[in-house]
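Listed here are the chains, written in short residue letters.
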Amino acid sequence: MKMMMVVCIAALCVTGVCAQSMDDSIERGIALHDRALAEGEETALKCRETLEPLINTNMVARAYYGSAVTIQASFYAEEDPIQSLTLLEEGAQYMDSAVSNDPDNGELRLIRLSNGIEVSRSSPLKRYAVIADDVHWFENHPLPSSPEYSAAILFNCGLYHLDAGDIETALDALETCVESGAETAAVQNARDILRRYEE
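Cut-offs applied
- Residues numbered from 1 in each chain as written.
- Predicted model: local features only at pLDDT ≥ 70, side-chain atom pairs only at ≥ 80, totals over all residues.
- Heavy atoms only, no water.
- Helix = DSSP H or I, 4+ residues; strand = E, 2+ residues; numbered from the N terminus.
- Buried < 20%, exposed > 50% of the residue type's maximum accessible area, 1.4 Å probe, protein only.
- Contact = heavy atoms within 4.5 Å.
- Areas by Shrake-Rupley, 256 points an atom, 1.4 Å probe, with all protein chains shown as cover.
- Core = buried A, V, L, I, M, F, W, Y, C linked by side-chain atoms within 4.5 Å.
- Expected span 1.5 Å × (residues − 1).
- Axes fitted to C-alpha atoms, helices over the stretch in contact; angles between N-to-C directions.
- Parallel < 35°, antiparallel > 145°, perpendicular 65-115°, else oblique.
- Left-handed = near helix turned anticlockwise from the far one by under 90°.
- Nonpolar A, V, L, I, M, F, W, Y, C, P; charged D, E, K, R; others polar.

## As for the overall build of the protein
Turning to step 1, where the next piece is worked out: When helices and strands are counted, the protein shows nine helices and zero strands.
Turning to step 2, where the next piece is worked out: The N-to-C order of helical and strand elements in the protein reads α-α-α-α-α-α-α-α-α.
Turning to step 3, where the next piece is worked out: Among the 199 residues that make up the protein, the fraction classed as buried is 44%.
Turning to step 4, where the next piece is worked out: The contacts of the protein with a sequence gap of at least 6 include a subset with a gap of at least 24, amounting to 55%.
Turning to step 5, where the next piece is worked out: Of the roughly 11000 Å² of accessible surface on the protein, 55% is carried by carbon and sulfur atoms.

Here it is as structure tokens:
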């Protein structure tokens, strides 16, 4: 009995270490993801390498992995547009499958929404039909308690509505983003857009 308890405790410790290791890998992957556009393809590849072992078991890792693939695509846009489009489509599939596997996970939807807006604005791959589902989902669920997270959602929904030509809804979302009280780039960018529409 005593031996069995020791084995169980050891197993729990190993499980805890694995979970901690997985969390650390995801955090490292996200940090690399967030720097990749500014730092270059090598950082995007490091992000992919960090997250790849987790993409079949953790949907957040899968979504960020897909986003990193689209960031990698941006580095081929001029010199090899076919390769760029191939990577964009591959990255989109990873994000779409992550959302399909966990459709009520707002974090996955926000990753896909913000990425989809950027990809749709800067490449031949238009993701508006897919991300419309994310906007609809956010508009039918309460905003999270985190002002920063709420601001990111509202800002990206506002951008989507701007691109769709629904200016009134876009400006409402951007105003609510500013009112969130968050001190983030999303709030500053929302303020800048609102100023342009006031002029």
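## Observations regarding the nonpolar core
Turning to step 1, where the next piece is worked out: Formed by 28 residues in total, the largest nonpolar core has its most connected members in I26, L51, Y64, Y65 and L108.
Turning to step 2, where the next piece is worked out: Contributing elements (two or more residues each) for this core: α1 (2–39), α2 (41–51), α3 (59–74), α4 (81–101) and α5 (106–122).
Turning to step 3, where the next piece is worked out: Ignoring anything within four residues of it in the chain, the contact list for Y64 reads I30, H33, D34, L51, E107 and I111.
Turning to step 4, where the next piece is worked out: Residues F138, A170, C177 and L194 belong to the second largest nonpolar core, which totals 26 residues.

## Digging into α4
Turning to step 1, where the next piece is worked out: Helix length check: α4, at 21 residues, gives a terminal C-alpha distance of 30 Å against a target of 30 Å (1.5 Å per residue), a fit within 8%.
Turning to step 2, where the next piece is worked out: Where α4 is buried, its residues contact α2, α3 and α5.

## Focus on α5
Turning to step 1, where the next piece is worked out: For α5, with 17 residues, the first-to-last C-alpha span of 24 Å sits near the 24 Å given by 1.5 Å per residue.
Turning to step 2, where the next piece is worked out: Counting buried positions along α5 yields twelve of 17 residues, so the element is predominantly enclosed.
Turning to step 3, where the next piece is worked out: Looking at α5, one finds that the buried residues are G106, L108, R109, L110, I111, R112, L113, N115, G116, I117, V119 and S120.
Turning to step 4, where the next piece is worked out: For α5, the secondary structure elements touched by its buried residues are α3, α4, α6 (128–139) and α7 (147–163).

## Digging into the packing of α6 against α7
Turning to step 1, where the next piece is worked out: Relative to each other, α6 and α7 sit at 130 degrees, their axes nearing to 10 Å. By the angle class used here, α6 and α7 are oblique. The two elements α6 and α7 cross, and the hand of that crossing is left-handed. Residue-level inspection shows Y128, I131, A132, V135, F138 and E139 of α6 in contact with α7, the latter providing I153, C157, Y160, H161 and D163.
Turning to step 2, where the next piece is worked out: In the contact of α6 with α7, the residues fall into eight nonpolar, one polar and two charged.

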